[in-house]
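A closer look at the structure
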Amino acid sequence: MRPIRVRIGVLGLALVAGLAAPTAATAAPEAASAAPAPTVEERRLDGEVPREILRRSGFAAVAPAFARGLGRADSYRQARAVVAREGDALWRRAVDRVQGRGPARGDLSRDDDRPLYWARLGMTRELRAWESGFGLSERQRAALLTELERTSRGQTDLRLPRGGHGKGVKRVLLTGFDPFTLDRDVRISNPSGAVALALDGTVIDTPDGPARVETAVFPVRWADFAEGTVERALRPYLPRVDLFTTVSQGRVGRFDVERTNGAWRGGFPDNDNVARTETVPVADPASQPQWTTTTLPYAAITAADTGRFPVYDNTSVTEIPAGGDEPVVRPDGPTPGSTAREGGGGNYLSNEIAYRATLLRDRLGLHGTLPGGHVHTPVLQFGAGNTDPAAGAVTDPEFVRNRLDIVAQTRAVVGVAVSAAGTDRD
């Protein structure tokens with residue numbers, strides 16, 4: 001997810017350490033609020049492509065069933081139980097479909113991440129439009145939407161093995177992203193989301209022992225990041241894992257391990273067509289660094305044969321040098337006292353999740369002990385004859401092969417990282 005200097009019109013996957021979660025709804029009576037209008041993201045559901053993806057994956061009935069469940073709730077407590085149950089069920093269903101458990105319920109390839117994305121939006125639209133019989137306040141609806149986002153993204157389903165560092169099964173935390181740039185091509189899939197679904201709960205055998213991977217996905221929306229969604233999801237788990245990596249789609253034909261992350265939002269529109277150009281908003285900005293760095297074993301990762309795509313140690317950034325006022329590209333990383341304008345992963349939400357996650361690592365005092373950082377996958381491309389968003393098919397054999405290859409190579413990259421990190425600790 002890297003909207004800068006990327007060719008062919010396809011764009012490429014963070015720290016408010018201490019930002020509080022939005023205030024939960026209380027039992028105090030409040031005036032009922034009118035149902036808000038659908039978001040920009042939700043309105044895209046009316047197009048033929050989302051409907052086809054839902055139909056061909058067997059996920060078309062998810063939102064209507066959710067609406068019926070909400071309709072039976074006669075209290076906020078019951079509604080919250082419905083939301084938590086159905087959000088978690090959607091995540092588990094998506095993971096099971098990708099990992100081959102249960103019927104496919106459609107002819108769309110099982111490795112596809114898009115059914116989860118569009119089905120979730122169907123659920124959020126139903127929840128946003130729901131008019132309860134008991135009088136739902138604006139704050140209560142917002143809390144229900146937050147619960148649905150968290151449960152349907154796997155953020156409440158991170159089941160790490162027991163044990164301490166270096167003992168038994170290694171614990172890996174990996175994050176992916178929703179599809180994005182949908183106004184450019186609504187058919188788009190995000191390989192990082194596919195990676196998250198394919199690897200969730202799986203075990204990778206490495207020379208340093210088995211590694212259990214737990215995953216979650218995040219929205220492509222500036223506001224969610226400013227509200228601390230990354231920190232709330234990751235904070236309880238970073239002290240308990242042996243390695244973490246945020247993952248997103250990046251450049252054409254290559255993987256990148258991003259060496260440096262920058263504290264700058266470059267203004268590219270998100271999935272709600274909102275743009276932000278500003279310093280990454282975090283708690284305690286007075287102590288906020290302009291740059292954070294990876295602690296992934298990048299030398300071992302780039303040296304290993306992990307798959308068909310080359311893997312690079314990307315050290316480039318764009319900075320405003322100390323005492324200067326114009327951005328300068330630095331191929332070898334930032335200079336002392338400079339101000340960030342692009343990390344190695346750009347200045348979109350992929351850079352931001354990397355910045356927030358590594359800043360959280362550092363503020364938790366784990367910089368020297370916890371390997372973590374960001375990996376950019378190749379851009380997921382359709383076949384050569386299927387490049388017209390208006391007339392093209394939602395899938396093709398090359399598109400599926402590319403996604404499967406990216407998923408398999410990301411898995412191999414994680415395996416190398418776990419093994420190399422274990423060797424370094426020894």
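Not measured: the values here are computed from a predicted model.

Remarks on the sheet that holds strand β10 (residues 311–314)
- Read from one edge of the open sheet, seven strands run β2-β3-β1-β4-β14-β5-β10, paired in mixed fashion. The strands lining the two open edges of the sheet, one partner per strand, are β2 (203–206) and β10. Going across the sheet, the axis of each strand differs from the next one's by a mean of 25°, ignoring polarity.
- With eight bridges connecting them, strand β1 (residues 170–177) and strand β3 (residues 209–218) associate as parallel partners. Each residue of the ladder has a partner; that of L173, found in β3, is E214.

Quick notes on empty space enclosed by the protein
- The calculated volume of the largest cavity comes to roughly 50 Å³.
- Forming the walls of the largest cavity are D113, L116, Y117, R120, F177, D178, P179, G193, L197 and V217.
- Of all elements in the fold, only α5 (114–129) and α7 (191–199) reach the threshold of two or more residues within the lining of the largest cavity.
- Looking at the lining of the largest cavity element by element, the count peaks at three residues for α5.

A short note on the layout of surface pockets
- Of the voids in this model, the largest pocket is the one considered here, and its volume is about 610 Å³.
- Together, 27 residues line the largest pocket, and T146, E149, R221, D224 and E227 are the ones closest to its centre.
- Every element with two or more residues in the lining of the largest pocket is listed here: α1 (40–43), α5, α6 (138–152), α8 (222–226) and α9 (229–234).
- Here the lining of the largest pocket gets five residues from one element, more than from any other, and that element is α6.

Things to note about the confidence of the model for the protein
- On average, residues of the protein score 92 in pLDDT, and 90% of them reach the 70 mark or higher.
- Counting contacts from residues 4–29, a segment whose pLDDT is below 50, to residues more than four positions away or on other chains yields 92 contacts.

Quick word on the pairing of β1
- Extensive coverage of β1 is indicated by the burial of eight of its eight residues.
- Pairing analysis gives four bridges linking β1 to strand β4 (residues 243–249), with the strands arranged parallel. Looking at β4, one finds that L174 is bridged to T245.

Observations concerning the side chain of T246
- Relative to the elements of secondary structure, T246 occurs in strand β4.
- Taking the relative accessible area as the measure of exposure, T246 reaches 1% and is therefore buried.
- Of the polar contacts made by the side chain of T246, one reaches the side chain of H374; its length is 2.7 Å.

With respect to the sheet that holds strand β13 (residues 339–342)
- Ordered by their spatial adjacency, three strands build an open sheet running β12-β11-β13, and the pairing between neighbours is antiparallel. The sheet terminates laterally at β12 (328–330) and β13, the two strands that pair on one side only. Within this sheet the neighbouring strands show an average axis-to-axis angle of 45°, counted without direction.
- Here three bridges tie strand β11 (residues 317–320) to β12, and the two strands are oriented antiparallel to one another. Of the residues in β12, the one forming a bridge with V317 is R330.

Here's the deal with the pairing of strand β14 (residues 372–377)
- The buried count for β14 comes to six of six residues, which makes it a mostly enclosed element.
- Both β4 and β14 contribute to a ladder of six bridges, which runs parallel. What sits directly across from T246, in β14, is H374.
- By the bridge criterion, three bridges tie strand β5 (residues 255–258) to β14 in an arrangement that is antiparallel. In the strand pairing of β14, D256 is matched with H376.

Some thoughts on the packing of helix α4 (residues 76–98) against α5
- Where α4 contacts α5, the axes come no closer than 10 Å and their chain directions differ by 165°. The orientation of α4 with respect to α5, classified from their angle, is roughly antiparallel. Crossing of α4 against α5: the hand is right-handed. Across the interface between the two elements, V83, E86, G87, L90, W91 and A94 from α4 touch L116, A119, R120, M123 and L127 from α5.

What to know about the packing of aromatic side chains
- Counted according to the given criterion, the structure contains nine aromatic pairs.
- Ring geometry for F180 and Y348: centres 6.1 Å apart, planes at 45°, overall tilted. Here F180, found in the loop between β1 and α7, pairs with Y348, found in the loop between β13 and α11 (349–363); they are 168 residues apart in sequence, far enough to count as distant. The same class applies to F180 and to Y348, which are both buried.
- When the ring of F268 is compared with that of Y348, the centres are 5.2 Å apart and the planes differ by 85°; the resulting orientation is edge-to-face. One end of the pair, F268, is in the loop between β7 (264–266) and β8 (277–279); the other, Y348, is in the loop between β13 and α11, and 80 residues separate them in sequence.
- Taken together, the ring pairs in this structure connect F180, W222, F268 and Y348 into an aromatic cluster.

What about unusual backbone geometry?
- If you check the backbone angles, R105 has positive phi at about 55° while not being a glycine.
- Tracing the backbone through its elements, the reader meets R105 in the loop between α4 and α5.
- Under the relative-accessibility criterion, R105 is labelled exposed at 55%.
- Phi at N273 takes a positive value of approximately 60°, unusual for a residue other than glycine.

Overview of the pattern of salt bridges
- Using the criterion set out here, one finds 40 salt bridges in the structure.
- The closest approach of N and O atoms between K170 and D208, which form a salt bridge, is 3.5 Å. Of this pair, K170 sits in strand β1 while D208 sits in the loop between β2 and β3, placing them 38 residues apart in sequence.
- By relative accessible area, which is 7% here, K170 ends up buried.
- Between E214 and R212 there is a salt bridge, and its shortest N-O distance comes to 2.8 Å.
- A relative accessible area of 1% places E214 in the buried class.
- For R212, a relative accessible area of 22% puts it in the partly exposed group.
- Members of the salt-bridge network, linked through shared partners, are E41, R120, E149, R153, D178, R221 and D224.

Here is what the cut-offs are and how they apply
Residues numbered from 1 in each chain as written. Predicted model: local features only at pLDDT ≥ 70, side-chain atom pairs only at ≥ 80, totals over all residues. Heavy atoms only, no water. Pairing = 2+ DSSP bridges. Helix = DSSP H or I, 4+ residues; strand = E, 2+ residues; numbered from the N terminus. Axes fitted to C-alpha atoms, helices over the stretch in contact; angles between N-to-C directions. 1 Å grid on protein atoms, 1.4 Å probe; cavity = no way out; pocket = protein on both sides within 12 Å on 5 of 7 lines; lining within 4 Å. Points joined across faces, edges and corners; volume = space filled by probe spheres on them. pLDDT = per-residue confidence, 0-100. Contact = heavy atoms within 4.5 Å. Buried < 20%, exposed > 50% of the residue type's maximum accessible area, 1.4 Å probe, protein only. Polar contact = N/O pair within 3.5 Å; in protein donor to acceptor, adjacent residues only side chain to side chain. Parallel < 35°, antiparallel > 145°, perpendicular 65-115°, else oblique. Left-handed = near helix turned anticlockwise from the far one by under 90°. Phe/Tyr/Trp six-rings, centres within 6.5 Å; stacked < 30°, edge-to-face > 60°. Salt bridge = Lys/Arg side-chain N within 4 Å of Asp/Glu carboxyl O.

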